[in-house]
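# Descriptive structure summary
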Amino acid sequence: MGLGIRTWLERRGILLLRKSDYHADGVAVRGKNLSALSESAFDHAYHESIRLNRAGWPNGVPDVRWRAHVCCWAARNALLLEGDFVECGVNTGLLSLTVGHFLNFATLNRTFWLFDTFEGIPVERVSAEERAHAAELNAVSYFDCYDVARSNFAPFPNARLVRGVLPDSLATAQIERIAYLSIDLNNAAPEIASIERLWPKLSPGAIVVLDDYAFTDYETQHRAWNDFAASKNRMILTVPTGQGILIKADS
Ligand SMILES: C[S@@+](CC[C@H](N)C(=O)[O-])C[C@H]1O[C@@H](n2cnc3c(N)ncnc32)[C@H](O)[C@@H]1O
């Protein structure tokens, strides 16, 4: 039939997507047990988060169900550990609201620290390599969302929104121990500067979820996190969602 190799591969790709049991957020799988993604407590929490995030995503909330599942897994693990919950990079709270509703966080004797400028990436602090991308994200995705975030987290009196530029804003929070950490700033320097300060506070066994770790176009973050992990003699797990998982194994 004389098909070019590219066309042949594209057709096979399309075939795989059509036959997949799950396809969203750049992930397609077949022949896997996906019950965790529709388990009732998680499903309820995720839908509640989607509903609350509509104001932050006028063109539609992205389907990050599997990423949210990974965060809930890490957060559930954190209940076995000493410490607070922390997210660096919150926006209107898609991931952390899922976690909050999944764990019924208002009933927990812990604080959920939520750090963000709540108005986009401070481009002047971003490396030259990442600056154009950050400016584009600011233009397309971010606005002053502080009031939306405050209203979204209002059901959780133990959630504390900290508005400011990371890593400097960490100094304003009284955090002693951390059991769960999600990092999602879409630029490398403040992520690494933040983990340098937060790493000593992580409880042994705490899971750090890196939202941007294995996405194409985020190679600067990938390199920076690999260097950080190597400095702690750790290896980061690449998840098909694009997330990275880093575990604090000892004190
Ligand atoms: C991808 S969004 C976070 C999405 C969020 N995790 C969620 O679940 O919807 C990235 C966020 O990082 C914030 N951000 C980026 N660099 C920052 C910095 N240096 N200090 C504070 N916030 C920053 C932006 O304002 C933006 O809200």
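Residues numbered from 1 in each chain as written. Predicted model: local features only at pLDDT ≥ 70, side-chain atom pairs only at ≥ 80, totals over all residues. Heavy atoms only, no water.

### Looking at the pattern of salt bridges
Going by this rule: The rule for a salt bridge is simple: a side-chain nitrogen of Lys or Arg has to be within 4 Å of a carboxyl oxygen of Asp or Glu. In DSSP terms, a helix is any run of H or I states spanning at least four residues, a strand is any run of E spanning at least two, and both are numbered starting from the N terminus. Three labels apply to residues, based on accessible area from a 1.4 Å probe with only protein chains included: buried if under 20% of the type maximum, exposed if over 50%, partly exposed otherwise in between.
With the rule as written, the count across this model stands at 9 salt bridges. With its nearest N and O atoms 3.1 Å apart, the salt bridge here joins Asp 43 to Arg 65. Here the residue Asp 43 occupies a position in helix H2 (residues 40–53), and Arg 65 occupies one in helix H3 (residues 65–78), the gap between them amounting to 22 residues. Residue Arg 125 pairs with Asp 168 through a salt bridge whose shortest N-O separation is 3.2 Å. With Arg 125 in the loop between strand E4 (112–116) and helix H5 (128–141) and Asp 168 in the loop between strand E5 (159–163) and strand E6 (178–183), the pair connects residues that are 43 residues apart, well separated along the chain. What makes Asp 168 partly exposed here is its relative accessible area of 40%.

### Focus on the nonpolar core
The line we're drawing: Working definition of a nonpolar core: buried Ala, Val, Leu, Ile, Met, Phe, Trp, Tyr and Cys residues. They are joined through side-chain atoms within 4.5 Å. Only heavy atoms enter the contact rule, under which two residues are in contact if any of them lie within 4.5 Å.
Counting 66 residues, the largest nonpolar core has Phe 85, Phe 115, Tyr 180, Leu 181 and Trp 225 as its most contacted members. The leading source of residues in this core is H3, at 7 residues. Once you skip the residues sitting within four places of it in the chain, Tyr 180 turns out to touch Cys 71, Ala 74, Ala 75, Ala 78, Asp 84, Phe 85, Val 86, Val 99, Phe 112, Ile 207 and Val 209.

### What to know about the domain arrangement of the protein chain
Applied cut-off: Domain extents, as shown, originate in an automatic or database domain assignment. A quick way to say it: buried area is the sum, across both parts, of accessible area lost when two parts are put together, with a 1.4 Å probe.
Domain annotation of the protein chain identifies domain 1 (1–28) and domain 2 (33–247). Taking the mean C-alpha position of each, domain 1 and domain 2 sit 31 Å from one another. In this complex, domain 1 contributes 5 residues to the contact, which on the side of domain 2 involves 9 residues. A combined buried area of about 580 Å² lies between domain 1 and domain 2, and 63% of that area is made up of carbon and sulfur atoms. When the buried area of domain 1 at its contact with domain 2 is split by residue, Tyr 22, Asp 25 and Val 27 rank highest and sum to 85% of it.

### Points about the layout of surface pockets
Definition in use: Buried and open spaces are told apart on a 1 Å grid over the protein atoms alone, a cavity being a set of points where a 1.4 Å probe fits but cannot get out and a pocket being an open set with protein on both sides within 12 Å along at least five of seven lines. Residues with an atom within 4 Å of a point are the lining residues. Grid points are joined across faces, edges and corners, and a volume is the space filled by probe spheres set on the points. As a working rule, the residues Ala, Val, Leu, Ile, Met, Phe, Trp, Tyr, Cys and Pro are called nonpolar, Asp, Glu, Lys and Arg charged, and the rest polar, with Gly in that last group.
Quantified by volume, the largest pocket comes out at close to 790 Å³. If you list the elements that add at least two residues to the lining of the largest pocket, you get helix H4 (94–102) and H5. Here the lining of the largest pocket is composed, by residue class, of 19 nonpolar, 12 polar and 8 charged. If you add up the space inside the second largest pocket, you get close to 160 Å³. Surrounding the second largest pocket, Gly 56, Trp 57, Pro 58, Asn 59, Gly 60, Asn 138, Ala 139, Val 140, Ser 141, Tyr 142 and Phe 143 form its lining. Of the residues assigned to the lining of the second largest pocket, the class counts are 6 nonpolar, 5 polar and no charged.

### Regarding the packing of H3 against H4
Here is the rule: Note on method: axes are straight lines fitted to C-alpha atoms, helices fitted across the in-contact stretch only, with angles between N-to-C directions ranging 0 to 180 degrees. Between 65 and 115 degrees an angle is taken as roughly perpendicular, under 35 as roughly parallel, over 145 as roughly antiparallel, and anywhere else as oblique. When the near helix sits turned anticlockwise from the far one by under a right angle, the crossing is termed left-handed; a clockwise turn instead gives a right-handed crossing.
At a minimum axis separation of 9 Å, H3 and H4 run at an interaxial angle of 50 degrees. The angle between H3 and H4 places the two elements in the oblique class. Of the two elements, H3 crosses H4, and the hand of that crossing is right-handed. Between H3, through Arg 67, Ala 68, Cys 71, Cys 72, Ala 75 and Arg 76, and H4, the contact on the second element is made entirely by Leu 95, Thr 98, Val 99 and Phe 102. Classifying every residue of the contact of H3 with H4 by side-chain character gives 7 nonpolar, 1 polar and 2 charged.

### Some details on the confidence of the model for the protein chain
We count it as follows: Confidence scores here are pLDDT values: one per residue, from the predictor, ranging 0 to 100.
Looking at the protein chain, the pLDDT average stands at 93 and 92% of residues meet or exceed 70. Across the protein chain, strand E3 (residues 84–88) holds the top mean pLDDT of 99, while helix H1 (residues 5–19) sits lowest at 62.

### Some words on the packing of H2 against H4
Packed helices, taken two at a time, are described by their axes: the angle between them and the distance between them. Put simply, H2 and H4 touch, their axes get as near as 8 Å, and they point 135 degrees apart. Here H4 runs oblique to H2, going by the angle between their axes. Crossing handedness for the pair H2 and H4: right-handed. Of the residues in H4, those touching H2 at Ala 41, Phe 42, Ala 45, Tyr 46, Glu 48, Ser 49, Ile 50, Leu 52 and Asn 53 are Leu 94, Leu 97, Thr 98, His 101 and Phe 102. Among the residues making up the contact of H2 with H4, the classes are represented as 9 nonpolar, 4 polar and 1 charged.

### Quick look at the sheet that holds E4
For the record, the criterion: In short, DSSP must find at least two bridges between two strands for them to pair.
A sheet is described by the order of its strands in space; here 7 strands give the open sequence E5-E4-E3-E6-E7-E9-E8, paired in mixed fashion. Strands at the two margins of the open sheet, each flanked by one partner only, are E5 and strand E8 (237–238). As paired elements, E3 and E6 share 5 bridges and run parallel to each other. Within E6, the residue paired with Cys 88 across the bridge is Ile 183. Sheet strands touched by H3: E3, E6, strand E7 (202–210) and strand E9 (244–247). Its angle to E7, the strand with the most contacts, is close to 170 degrees.

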